[in-house]
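A closer look at the structure
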Amino acid sequence: MRHLLTPRAILLASALAIAPAAYADTPADTLVVAHTIDDIISLDPAQSFEFSGNDVNQNTYDRLVDFDPLDPDAGFKPSLAESWEVAEDGMSITLKMREGVTFHSGNPVRAEDAAWSLQRAVKLNLTPAFILTQFGFTPENVEEKITFDDTTLTLHMDQPYAPSFVLNCLTANIASIVDKETVLPHVDGEDLGNAWLSTNAAGSGAYTLAAWRANEAVQFTAYDDYWQGAPEMKRVIVRNVAESSAQRLLLEQGDIDVARNLSPTDVDSLRNVEGVTIQDEPRGRILYMGLNQNDEVLSNPAVIEAMKHLVDYEGIADSFLKGMFAPHQTFLPMGYLGVLEDQPWTYDVEKAKALIEEAGLAGSTVTTKVRDLREYTDVAQALQASMAEAGLTLNIEQMTGAQVLDAYRARSVPIFIGEWGPDYSDPNTNAATFAFNPDNSAEAAATGLLAWRNAYAVPDEMNEATQAATLEQDADTRAQMYIDIQKQYQAEAPIVPMFQRIEPTGLRENVQNWFSGRAVTSVMYRQVTKGE
């Protein structure tokens, strides 16, 4: 089961790259995707935490609960678990396994496999393990806390967490169910099969991993016995094409079906090309502005309010960020439970100027240290211009991403402009960093919390509400709790969400049901079809 590209696969991938005339119009049962996939480090679900690795796992593994690519707004649905029951005290959830499902090996998918997969992820304790360990599982106790019998799996938690919180986390790739019997012969020492699974797959997903060549291509083959029906696309080839212009040319020529990394210029160009469509999907990343509360000027409440009116949300979204971001003024992305859709701030320089003058701070100077990415520096320059009109001077210092991040984690960036992406599909993933900071002291060094990085002393009421929302058993009540937190946040917080990232995907017009994963999950291929 070593998944190196076969000579035939290499020939096809190469031919698709260098002989467009011969391969114009890809095969009817094959989907060819151009994407930047050089970020893959490991294909082990217990380790993968990069976008492209998660894309692979999403299609080669199933999870106990998952999203429907044809109805993502419905939230998580039963998958390998056909139902679940929460204990009366809320301290455990028992999931009933679906019968008749098999792994790619032909082995049955059992509750034992599900328990072993989750236990394994906790024991390995690699980067994404926190998604599971936040429920009280540790390498030492996990075999007692995650148990199974013939048909059910039970999670015994350290607190009565909201069922929606737990189940949303089970949609994450780290909760993928692995074929225990296939992996065990490949265990090396204490690695629980990590080395082998880094380049192989042992799942039950809609596709088997046919081949992976790092920085070049991933090839999938349809799993004909898939429990939700065999995919119509019998093969999926994902080619690493780094340049947007190259992806555009390949799409125009019909050498690929999908282009996933297009610049705004190339998107605009493709909108007028016959036979090509552009599909926009909101993703989870929020572009925000953090105002460091250790700064004398930025900690003034009038300046915090003024800064919210110095961002030309619509103008920026319609000009240099066109097609890449949409105005969005709350920390939960669209598509999340409890997202607040209110956009209370408008671009109003005169109002901002009056607030600054009333505070006696006209003529003040502040600094932003911004990563040298065009979208960030363009936003900083737009802000610089509007601040000047309102009576403030903004110094812009451009740095590498690593330099900015180091400074940000040291609380030494007065105005931070950058993005935050959720780690999993539950609202707690963002609430727990934007709206939670129980110890604002420098000694706390809570560098993982955006609130701490901006020296934002989150009010006790908001800290408590954020924690309480993780324990609320009723999903509707929980959603309202997040709406209330976001309203308070909009009213007073010095961290200003501004835009949500949009991913434009270029498609040949015969490609139907494409789903990049929106804000909540990764790309899925099993529902994709190609018409005439």
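Remember, predicted model here, so these are calculated numbers, not experimental data.

Per the stated rule, a full pass over the model turns up 20 aromatic pairs. Aromatic side chains tyrosine 456 and tyrosine 489 sit 6.3 Å apart centroid to centroid with 75° between the ring planes, which places their arrangement in the edge-to-face category. Taken as a pair, tyrosine 456 in the loop between α18 (450–453) and α19 (460–469) and tyrosine 489 in helix α20 (residues 475–492) lie far apart in primary sequence, 33 residues in all. Ring pairs connect the aromatic residues Tyr288, Phe331, Tyr408, Phe416, Phe434, Tyr456 and Tyr489, which therefore count as one cluster. Between arginine 411 and the ring centre of tryptophan 452, over which it is positioned, the NZ or CZ distance is 4.0 Å.

Moving residue by residue along a regular strand, the side chains alternate between the two faces of the sheet. Two elements, strand β8 (residues 207–213) and strand β9 (residues 217–222), share 6 bridges in a ladder whose sense is antiparallel. Opposite leucine 209, over in β9, you have phenylalanine 220 as the bridge partner. Following β8, the chain reverses through 3 residues before pairing antiparallel with β9; asparagine 215 in that reversal takes a positive phi of roughly 65°.

The tally for this structure, following the rule as stated, stands at 25 salt bridges. For glutamate 112, the salt bridge identified is with lysine 180, shortest N-O distance 2.9 Å. Of this pair, glutamate 112 sits in helix α4 (residues 111–124) while lysine 180 is found in helix α8 (residues 180–183), placing the two residues 68 residues apart along the sequence. The salt bridge involving aspartate 378 is made with arginine 374; its shortest N-O contact spans 3.6 Å. Pair noted here: aspartate 378 and arginine 374 are both in helix α15 (residues 374–390), with a separation of 4 residues, about one helical turn. Exposure remark for aspartate 378: the relative accessible area of 18% places this residue in the buried category.

Here 4 strands make up an open sheet; going across it, the order is β4-β5-β7-β6 and the pairing antiparallel. At either end of the open sheet lies a strand with only one pairing partner, and these are β4 (81–86) and β6 (146–148). Each strand axis lies, on average, 20° off the axis of its neighbour in the sheet, ignoring direction. Looking at chain direction, strand β5 (residues 92–97) and strand β7 (residues 152–156) are connected through 5 bridges and run antiparallel. Within the sheet, the bridge partner assigned to threonine 94 lies in β7 and is threonine 154.

Residues Leu64, Leu95, Leu118, Leu153, Leu155 and Leu170 are the most contacted members of the largest nonpolar core, which totals 40 residues. Those elements that provide at least two residues to this core are β5, α4, α5 (130–133), β7 and α7 (163–169). Considering each element in turn, this core owes the most residues, 7 residues, to α4. Listed in part, the 37 residues of the second largest apolar core include Leu291, Leu298, Ile316 and Val349.

So, about unusual backbone geometry. Glycine aside, a negative phi is what most residues show, and trans is what most peptide bonds show. Its identity is not glycine, yet leucine 192 carries a phi of approximately 55°, on the positive side. In this fold, leucine 192 is placed in the loop between α8 and α9 (194–197). The phi dihedral of arginine 518 falls on the positive side, at around 50°, and the residue is not glycine. Structurally, arginine 518 can be placed in the loop between β18 (511–512) and β19 (529–530). For arginine 518, a relative accessible area of 31% puts it in the partly exposed group.

Okay, the pairing of strand β1 (residues 30–35) next. β1 sits mainly inside the fold: 6 of its 6 residues count as buried. Where burial is concerned, the two faces of β1 agree: the one with Thr30, Val32 and Ala34 and the one with Leu31, Val33 and His35 are both buried. Inspection of the sheet shows β1 paired to strand β10 (residues 235–240) by 6 bridges, in the parallel sense. Looking at the pairing, valine 32 lines up with isoleucine 237 of β10. Here 2 bridges tie β1 to strand β11 (residues 258–259), and the two strands are oriented parallel to one another. Among the inter-strand pairings, alanine 34 is bridged to a residue of β11, identified as alanine 259.

Turning our attention to the side chain of aspartate 191. One can find aspartate 191 in the loop between α8 and α9. At 7.0 Å, arginine 120 is the nearest oppositely charged side chain to aspartate 191, a buried residue that forms no salt bridge. In terms of polar contacts, aspartate 191 uses its side chain to reach the backbone amide nitrogen of aspartate 188, at 2.8 Å.

Glancing now at the domain arrangement of the protein. The parts lose accessible area when they come together, and the size of an interface is often stated as this lost area. According to the domain assignment, the protein consists of domain 1 (39–202) and domain 2 (283–502). Centre-to-centre separation of domain 1 and domain 2, based on C-alpha positions: 33 Å. The contact between domain 1 and domain 2 buries some 1200 Å² in all, and 57% of this surface belongs to carbon and sulfur atoms. The interface formed by domain 1 and domain 2 holds 0 salt bridges in total. Across the domain 1-domain 2 interface, the total number found is 8 residue pairs in polar contact (both at pLDDT 80 or more). Contributing elements (two or more residues each) for the side of domain 1 that touches domain 2: α5 and α7. Among the elements that make up the side of domain 1 that touches domain 2, the one with the highest residue count is α7 (5 residues). Looking at the side of domain 1 that touches domain 2 residue by residue, the classes come out as 12 nonpolar, 6 polar and no charged.

Taken together, the side chains of Asp460, Glu461, Glu464 and Glu492 present a region of like negative charge at the surface. When residues of the negative patch are assigned to their parent elements, the largest contribution, 3 residues, is made by α19. Note on placement: glutamate 464 falls in helix α19. Exposure remark for glutamate 464: the relative accessible area of 55% places this residue in the exposed category.

What counts and what doesn't
Residues numbered from 1 in each chain as written. Predicted model: local features only at pLDDT ≥ 70, side-chain atom pairs only at ≥ 80, totals over all residues. Heavy atoms only, no water. Phe/Tyr/Trp six-rings, centres within 6.5 Å; stacked < 30°, edge-to-face > 60°. Helix = DSSP H or I, 4+ residues; strand = E, 2+ residues; numbered from the N terminus. Lys NZ or Arg CZ within 6 Å of the ring centre and 35° of its normal. Pairing = 2+ DSSP bridges. Salt bridge = Lys/Arg side-chain N within 4 Å of Asp/Glu carboxyl O. Buried < 20%, exposed > 50% of the residue type's maximum accessible area, 1.4 Å probe, protein only. Axes fitted to C-alpha atoms, helices over the stretch in contact; angles between N-to-C directions. Core = buried A, V, L, I, M, F, W, Y, C linked by side-chain atoms within 4.5 Å. Lys, Arg positive; Asp, Glu negative; His and termini not counted. Polar contact = N/O pair within 3.5 Å; in protein donor to acceptor, adjacent residues only side chain to side chain. Domains from an automatic or database assignment. Buried area = accessible area lost by both parts, 1.4 Å probe. Nonpolar A, V, L, I, M, F, W, Y, C, P; charged D, E, K, R; others polar. Patch = residues over 30% accessible without salt bridge, like charges linked within 9 Å, V, L, I, M, F, W, Y side chains within 5 Å. Areas by Shrake-Rupley, 256 points an atom, 1.4 Å probe, with all protein chains shown as cover. Charge placed at Lys NZ, Arg CZ, Asp CG, Glu CD.

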